[in-house]
Every structure is written in structure tokens, then in C-alpha cells.
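# A look at the structure
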Amino acid sequence: MTDVKKESQAGVALVAKAFQILDAFQADAPLWSQADMVRATGLNRSTVNRLMRYLAANGYLIQNAATGRYSLGIAAIDLGNRASASLDLRALCKPTMASLAAQCGETVVLSMFDPMGMQAICVDQIEGSHRGLRVFEEIGSTFPLHAGAAPKAILGFLPKEDRERVLSGPLEKFTEHTLSTPEQIRRDISDTIKRGYSVSSEETFEGTIGIAAPVLGPSRRVVASIAVAFPKLRSTPERIETIAVMVQNAARQISSILSGEQP
């Protein structure tokens, strides 16, 4: 019985090492030699050699014959595509969004990051319960990452090179309050990172306030944002701070689920 338990533990440890290797392949680090992988992971050289050769033999890695470096293979890409197709982010986020909407009484918006268009897409919302004036967002609407709370929560937590790509492009103004120079946006990004959430005051629509926090997936990469939007007339510094805490808690809960952690 003891031998079976030891074999089981050894098998789990080996799987963990294989995932450690696969996790090293990122958009900003797509190519790895075995020597680089040993230095980056701290794994034994023979273990890295054995696992990378095994992953390559099964299509999860491809080795360039000329350079000896490895990149992700078709099997890994196919697995990622199948995971994306099966993940219904809206369904996953709905309970947390409903809880947040009930807590604050305002409209809650879920926006996904579109890396191809470098924009935020509104994919779901729960309307606020306040009578009278409320804020609405159209499902499917898109915004560039420099304007509005939901897009800025994504922008603030992208890798630096992606942020600079956004700042080098056209910075459209939607209202007189839209941040539209690289210097303004860099200062705002710095504030967003320090706080852990973004704030927008009439940047995309006159008379509205937005507060948003990033939703992080595996490897702590930003995939979406959760925002609360409400009329400026119901805004006070104290209320903004209170809602910001609620939004951050909701974003952390969803991020934990996406990362396979306990919320």
C-alpha cells in the first residue's frame, strides 16, 4: 500500500513539472531551449530533457531542428481552442455579477478583452435596481482600451509592451473628459495599478461614473473586467470607495474560479 502511495505521489509530481514547463511558454516568451528551461524552472536537467522530448513526441511541443529551441505544438494549440470553446464566461460570471448588483443596486457590466482588436467588448450586464435614472450598456458594444473604466481595468494589467501599443495608436475622444494623450493615460494606468481598480468620470458618456477591476485567468493574465456604472449624481468619494471594494472582491472571486483556485 505504501509503495502504491509513493508511486502516486511521484506521478503527480511529474505531471506538475510537465505543467511547469508548458506554463513557461507565453506570448512574450514563445521559444525555449532546454538549457533556458532548466535555468527558468530550477528543474533537474535530465527531467527537463525527458519531459520536453515526451511533450514533443506527443505534439504538445515542436522542436526547431536548426536552433534546437521548442515552441508550443498543434496539440497544445488544439487543447487551448477546445478550452476556449467550452468556456462560457458569461455563465461563469453571472452569479457573482448578480450578487454585486444586489449589493450596490447599480448596473454591473462584464467586458472581455479582445487581443486581436486590442479593445474591450461588453458581453453581459445586469441592470441596476435603482428607480429613475440608471446606466445601460449595449451588449456587443466595443471601446478602445484607453477610454472608460471597464477598458482601462484591462489596459492597466496588460504587459507593458501591449500598453505601449495602445498608447502609440489613435486615442479617440468620446467626451471632453476622455483621456487622450499618452502622458495622461500613463498617469491613470499608474493609479489603476496602485489601487487595483480603474475609475472613469464621464470619459465615454456624459453624466456617468464607472469603477472596474480586472479578471485574471491562468498565469495571471487579464482576460476581462467587471465594472459598476452609475449616474454621477449618485456619486460621492465615500460611495466610490465602497463600490470599489465590492468590485474588487467580485473580480477576485471570478479570477480564482478561472485559475482553479478556491474563491
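Residues numbered from 1 in each chain as written. Predicted model: local features only at pLDDT ≥ 70, side-chain atom pairs only at ≥ 80, totals over all residues. Heavy atoms only, no water.

### Observations concerning the overall build of the protein
On a plain count of helices and strands, the protein comes out with 9 helices and 8 strands. The 263 residues of the protein split such that 43% are buried. Look at the contacts in the protein between residues 6 or more apart in sequence, and 55% of them connect residues 24 or more apart. Per element, the accessible surface of the protein, about 14300 Å² overall, is 55% carbon and sulfur. (Helix = DSSP H or I, 4+ residues; strand = E, 2+ residues; numbered from the N terminus. Buried < 20%, exposed > 50% of the residue type's maximum accessible area, 1.4 Å probe, protein only. Contact = heavy atoms within 4.5 Å. Areas by Shrake-Rupley, 256 points an atom, 1.4 Å probe, with all protein chains shown as cover.)

### Observations concerning the side chain of Ser33
Along the chain, the position of Ser33 falls in the loop between α1 (2–23) and α2 (34–41). Among the residues examined, Ser33 registers a relative accessible area of 15% and is labelled buried. A polar atom in the side chain of Ser33 sits 3.1 Å from the backbone nitrogen of Asp36. (Polar contact = N/O pair within 3.5 Å; in protein donor to acceptor, adjacent residues only side chain to side chain.)

### Quick look at the sheet that holds strand β6 (residues 198–201)
The sheet built from 6 strands is open, its strands ordered β5-β4-β3-β8-β7-β6 with antiparallel pairing. One side of each edge strand has no neighbouring strand; the edge strands of this open sheet are β5 (142–144) and β6. Mean inter-strand twist for the sheet, computed between neighbouring axes without regard to direction, equals 30 degrees. Where helix α9 (residues 237–258) meets the sheet, it contacts β7 (208–216) and β8 (222–231), and its direction lies at approximately 25 degrees from that of β7. (Pairing = 2+ DSSP bridges. Axes fitted to C-alpha atoms, helices over the stretch in contact; angles between N-to-C directions.)

### As for the nonpolar core
Of all hydrophobic cores here, the largest spans 28 residues; its most connected members are Leu100, Leu110, Ile211, Ile226 and Val228. Secondary-structure elements contributing two or more residues to this core are α5 (89–104), β3 (107–114), β4 (119–126), β7, β8 and α9. Take this core: its biggest share by element is 9 residues, from α9. With residues up to four places along the chain from it excluded, the contact list for Leu100 reads Val108, Ile226, Val228, Met246, Val247 and Ala250. (Core = buried A, V, L, I, M, F, W, Y, C linked by side-chain atoms within 4.5 Å.)

### Thoughts on the packing of α2 against helix α3 (residues 45–57)
A pair of packed helices is characterised by two quantities: the angle between their axes and the separation of those axes. The N-to-C vectors of α2 and α3 enclose an angle of 120 degrees; their axes lie 9 Å apart at closest approach. Regarding the angle of α2 to α3, the classification is oblique. As α2 packs across α3, the resulting crossing turns out to be right-handed. Across the interface between the two elements, Gln34, Ala35, Met37, Val38 and Thr41 from α2 touch Arg45, Val48, Asn49, Met52 and Arg53 from α3. Tallied by class, residues from the contact of α2 with α3 come to 5 nonpolar, 3 polar and 2 charged. (Parallel < 35°, antiparallel > 145°, perpendicular 65-115°, else oblique. Left-handed = near helix turned anticlockwise from the far one by under 90°. Nonpolar A, V, L, I, M, F, W, Y, C, P; charged D, E, K, R; others polar.)

### Side note on the packing of α5 against α9
Here α5 crosses α9 at 155 degrees, and the two axes come no closer than 10 Å. As far as their axial angle goes, α9 and α5 are roughly antiparallel. The way α5 lies across α9 gives a crossing that is right-handed. Contacts between α5 and α9 involve Leu89, Leu92, Cys93, Thr96, Leu100, Gln103 and Cys104 from the former and Arg239, Ile243, Met246, Val247, Ala250, Gln253, Ile254, Ile257 and Leu258 from the latter.

### Here we look at α3
A rise of 1.5 Å per residue sets the reference length of α3, with its 13 residues, at 18 Å; its end C-alpha atoms lie 18 Å apart and thus fit the reference within 8%. The set of residues buried in α3 consists of Thr47, Val48, Leu51, Met52 and Leu55. Along the axis of α3, the buried positions cluster into a sector of 115 degrees, meaning they face one direction only. The outward face of α3, more than 90 degrees from its buried face, is lined by the exposed residues Arg45, Arg53, Tyr54 and Ala57. Gly59 sits one or two residues past α3 and shows a positive phi near 85 degrees. (Expected span 1.5 Å × (residues − 1). Arc of directions from axis to C-beta.)

### With respect to the pairing of β3
Within β3, 7 of the 8 residues are buried, which leaves the element mostly enclosed by the surrounding structure. The pairing of β3 with β8 spans 6 bridges and is classified as antiparallel. Bridged to Val109 within β8 is Ala227. Bridge count for β3 against β4 is 7 bridges, and the pairing is antiparallel. By the bridge assignment, Leu110 is partnered in β4 with Asp124. Counting the residues in the hairpin turn of β3 and β4 gives 4 residues, including Met118, whose phi is positive at 45 degrees.

### Some thoughts on the pattern of salt bridges
Between side chains of opposite charge, a pair can form as their charged atoms come close. Under the counting rule described, the total for this entry stands at 10 salt bridges. The residue Asp36 makes a salt bridge to Arg69 at a minimum N-O spacing of 3.5 Å. On the criterion of sequence distance, the pair formed by Asp36 in helix α2 and Arg69 in the loop between β1 (61–63) and β2 (70–72) is long-range, its members being 33 residues apart. Asp124 is paired through a salt bridge with Lys94; the nearest N and O atoms lie 2.9 Å apart. Of this pair, Asp124 sits in strand β4 while Lys94 sits in helix α5, and the two are 30 residues apart along the sequence. On the basis of relative accessible area, Asp124 is assigned to the buried category, the value being 9%. Lys94 gets classed as partly exposed once you look at its relative accessible area, which sits at 34%. Salt bridges sharing common partners tie together Asp36, Arg39 and Arg69. (Salt bridge = Lys/Arg side-chain N within 4 Å of Asp/Glu carboxyl O.)

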